[in-house]
Amino acid sequence: TVLLDAILADPSADTPRLAYADWLDDQPGPLAARMAAFVRLEARVAAAPEPSIDQVRFTGRLQLLSLGLD
């Protein structure tokens, strides 16, 4: 898909990842919603200054969200 190609072309760009999260929100089922939350939180972790309490907190939440996504 176009969104995945854009993400792979520039993994550090937030816009394609956040657009993908929006697309996931439009998909049915709890797995899509969980994936969208993961993608959005991953973008927040990447944007947080290092080191920060937000990074630690967000990383813990990412680990919880990632359970069952593989």
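To keep things clear, this report deals only with the structure shown in the data block. What you see is a predicted model; the values in this text were computed from it and never measured. (Residues numbered from 1 in each chain as written. Predicted model: local features only at pLDDT ≥ 70, side-chain atom pairs only at ≥ 80, totals over all residues. Heavy atoms only, no water.)

Some points on the packing of helix H1 (residues 2–9) against helix H2 (residues 14–25)
Each pair of packed helices can be summarised by the angle the axes make with each other and by the distance between the axes.
Now for step 1: Contact geometry of H1 with H2 gives a least axis separation of 9 Å together with a crossing angle of 150 degrees. Taken as axis vectors, H1 and H2 run roughly antiparallel relative to one another. You can see that H1 and H2 cross each other, and the crossing is left-handed. Contacts between H1 and H2 involve Leu3, Leu4, Ala6 and Ile7 on the former and, on the latter, Pro16, Arg17, Ala19, Tyr20 and Trp23.
Now for step 2: The residue inventory of the contact of H1 with H2, partitioned by class, reads 8 nonpolar, no polar and 1 charged. (Axes fitted to C-alpha atoms, helices over the stretch in contact; angles between N-to-C directions. Helix = DSSP H or I, 4+ residues; strand = E, 2+ residues; numbered from the N terminus. Parallel < 35°, antiparallel > 145°, perpendicular 65-115°, else oblique. Left-handed = near helix turned anticlockwise from the far one by under 90°. Contact = heavy atoms within 4.5 Å. Nonpolar A, V, L, I, M, F, W, Y, C, P; charged D, E, K, R; others polar.)

Some words on the nonpolar core
Now for step 1: Membership of the largest hydrophobic core is limited to 7 residues, which are Ile7, Tyr20, Ala21, Leu24, Ala32, Ala36 and Val39.
Now for step 2: Taken together, the elements giving at least two residues each to this core come down to H2 and helix H3 (30–47).
Now for step 3: In this structure Ala21 touches Ala36, Val39 and Arg40, once residues within four positions along its chain are discounted.
Now for step 4: By size, the runner-up hydrophobic cluster in this structure holds 5 residues, among which are Val45, Phe58, Leu62 and Leu65. (Core = buried A, V, L, I, M, F, W, Y, C linked by side-chain atoms within 4.5 Å. Buried < 20%, exposed > 50% of the residue type's maximum accessible area, 1.4 Å probe, protein only.)

Concerning the packing of H2 against H3
Now for step 1: Close contact between H2 and H3 brings their axes to 8 Å; oriented N to C, the two are set at 160 degrees. As judged from the angle between their axes, H2 and H3 are roughly antiparallel. The handedness of the crossing between H2 and H3 comes out as left-handed. Contacts between H2 and H3 involve Asp14, Arg17, Leu18, Tyr20, Ala21, Asp22, Leu24 and Asp25 from the first element and Ala32, Met35, Ala36, Val39, Arg40, Glu42, Ala43 and Ala46 from the second.
Now for step 2: The residue makeup of the contact of H2 with H3, split by class, is 10 nonpolar, no polar and 6 charged.

Here we look at the packing of aromatic side chains
Now for step 1: One pass over the structure, following the stated rule, counts 1 aromatic pair.
Now for step 2: Each ring, one from Tyr20 and one from Trp23, has its centre 5.9 Å from the other, and the planes form 15 degrees; the classification is stacked. Highlighted residues: Tyr20 and Trp23, both in helix H2, separated by 3 residues, approximately one helical turn.
Now for step 3: Look at Trp23 and you get partly exposed, because its relative accessible area is 42%. (Phe/Tyr/Trp six-rings, centres within 6.5 Å; stacked < 30°, edge-to-face > 60°.)

Functional significance is not addressed by these values, which are geometric in nature.
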